[in-house]
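Here's the letter readout for the chains.
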Amino acid sequence: MDKKEWKVGVWSDSLQDPAVVRSMLSLLGKGTANRWSFSDSSSADLLLLGNSSVSLPPSQATDSSRIVARLLEPGESPGGDDVLAVNRPLRAMPFINLLDEAARRLHALRTRAAVEQEQESASLDQFQPQLAAGEALHVLRRVGFAKPMALMSADGSMLAMIDIRSAALASVHGMSELLERIGRQFQRVEPRTENEWEQALPQSPPQSLDVLCWQLGKNLAHRLGLAPWLQKDESYHLASWPDFGAIGNDRVGFKLSAQLTRSPLTPHQLCAAASVSFSEVASFLNSASLCGLLAAGPAAQPRNAPARAPVPGRRSMIARLRSRLGL
Amino acid sequence: MLIGREYKIIVTGTMGAGKTTAIGAISDTAPITTEAANSDQVSSAKASTTVALDYGEISLEGGDRVRLYGTPGQQRFSFMWSILAKGALGLILLIDNSSHTPLEDLERFIDTFDELARDSAVVVGITHRDVASGPTMAQYCEILSARSLALPIFSIDARDRDHILLLVDALLTSIEAAS
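Each value, and the rule that gives it
Residues numbered from 1 in each chain as written. Chains lettered and ligands numbered in written order. Predicted model: local features only at pLDDT ≥ 70, side-chain atom pairs only at ≥ 80, totals over all residues. Heavy atoms only, no water. Helix = DSSP H or I, 4+ residues; strand = E, 2+ residues; numbered from the N terminus. Contact = heavy atoms within 4.5 Å. Phe/Tyr/Trp six-rings, centres within 6.5 Å; stacked < 30°, edge-to-face > 60°. Buried < 20%, exposed > 50% of the residue type's maximum accessible area, 1.4 Å probe, protein only. Pairing = 2+ DSSP bridges. Axes fitted to C-alpha atoms, helices over the stretch in contact; angles between N-to-C directions.

A. Examining the overall build of chain B more closely. Looking only at helices and strands, one finds six helices and eight strands in chain B. The order of α-helices and β-strands along chain B, N terminus first, is β-α-β-β-β-β-α-β-α-α-β-α-β-α. Partitioning the intrachain contacts of chain B with sequence separation of at least 6 by distance along the chain shows that 68% fall at a separation of at least 24.

B. The packing of aromatic side chains, seen in detail. Applying the stated criterion to the full structure yields nine aromatic pairs over all chains. A ring pair is formed by Trp 214 of chain A and Phe 244 of chain A, whose centres lie 5.7 Å apart and whose planes are at 85 degrees; its orientation type is edge-to-face. Here the residue Trp 214 of chain A occupies a position in helix H6 (residues 209-224), and Phe 244 of chain A occupies one in helix H7 (residues 244-247), the gap between them amounting to 30 residues. Phe 244 of chain A carries the same exposure label as Trp 214 of chain A, and that label is buried. Ring centres 6.2 Å apart and planes at 55 degrees place the aromatic pair Trp 241 of chain A and Phe 154 of chain B in the tilted group. On the criterion of chain membership, the pair formed by Trp 241 of chain A in the loop between strand S11 (236-238) and H7 and Phe 154 of chain B in strand S8 (residues 153-155) is interchain, its members lying in two chains. Classification of Phe 154 of chain B as buried rests on a relative accessible area of 0%. Grouped by ring-pair contacts, the aromatic residues Trp 214, Trp 241, Phe 244, Phe 254 and Phe 284 of chain A together with Phe 154 of chain B constitute a single cluster.

C. How the structure looks around the sheet that holds strand S1 (residues 6-13) of chain B. Residue and element names in this part refer to chain B. With respect to topology, six strands assemble into an open sheet ordered S4-S5-S1-S6-S7-S8, the strand pairing being mixed. Edge positions in the sheet fall to strand S4 (54-59) and S8, since each of these pairs with one other strand and no more. The sheet shows a mean angle of 20 degrees between the axes of neighbouring strands, direction not considered. Relative to S8, strand S7 (residues 122-127) runs parallel, the two being bridged by three bridges. For Val 124, the partnering residue across the bridge sits in S8 and is Ile 153. Running over the sheet, helix H3 (residues 102-112) touches S1, strand S6 (90-96), S7 and S8 and is turned about 165 degrees from S6.

Take a look at the structure:
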């Protein structure tokens, strides 16, 4: 462990405690594995609490980047093996041991934080290709591109070939692996000929493009919420129900589809109408837009009949039927 | 004997689409089927076909019952369809993607059951998409859109109980949203 500089502060109702700690640091500083300096409590890495009844200010009490040790009365026990503490009057060796243990714990704390930040950056790096793939698919859906397209990786290899018109996908990879590869490697789309599409199909089991789009939409919602091409203040309607036969059973998706095929709603209005969370609405809207089912504003023609008066007992019957069928 | 309320769900669609199989998947009891040798091998290569009604039922807590009626798919039995639809809770429409005229079939059935469709009490299952390239799902959806309808329409395997339950769940959700 490299020698690092840490700061120690004191929070105590005894005026003696800060003075004693400060003088101990000046005398013993070179005997510790790390360099320690005295600081005010708000910027300390190690905070010595002088009295168990003393409360820290709320802003400091929730600071998880520091550790806390207790200054105990003579003979008082720390109350646990993992509790960091030292008894008054401060003696050299116990104080040095406290500082060395505190430094070890602080190092572990900072290392863990650094690893988490690195993982966050790595997942963000993996997220960018997914976002790029989502944006590309969204544009292709919007313009109704009539040619087969290849999803290309950064190294020039083809991840999959897609045909928007038939909502079909041809890839040597299974869906899970394809999504993972898109997340790591996707760079661009390239047009392909009908001949190339016909040749690709027999070599790869046919898969549903909607399944890819649905999962991609969910992944984008997990990181971003609403996709960048969708607006929180815009009303949307669903042109058709998603093909849940291909995508899979999705009760939340059913509720949102039933609402959004009846009338245009903003994302927040949809949350309220279907009683679901915004993150679920974002996931649904992202996926539906990538499947080419979402349109802004109201439908060109009013659809289905207006809501009718509730039939007495109908909701109870539906609930019992669902229960009976295990839904 | 506790006698409760009775509800009706119709299962209809083209011959060979899987209506009898679908009722069997969700009925409490073995469904009563009314089959005979299929004399119309042009429309479907099935050995037998429904000639009257298939029947199944689901018993609910409280004594209520949901009766399932499967209509024969041949056009000559079409006089039954609208009679059966009266008072129905909802309708499951199965279209065989491998038939000669699946899009026209969908049009015909949707027009016959227009009132139920307008009430969002219809769900559509497209079967046999794995055995025939047939129309795309988008083409089926266009038929509904042309009638200003946005009904649940899914590609399914009628032999798969989970797919039938998917259709029922979507039907019930659709009915709830409409009331």
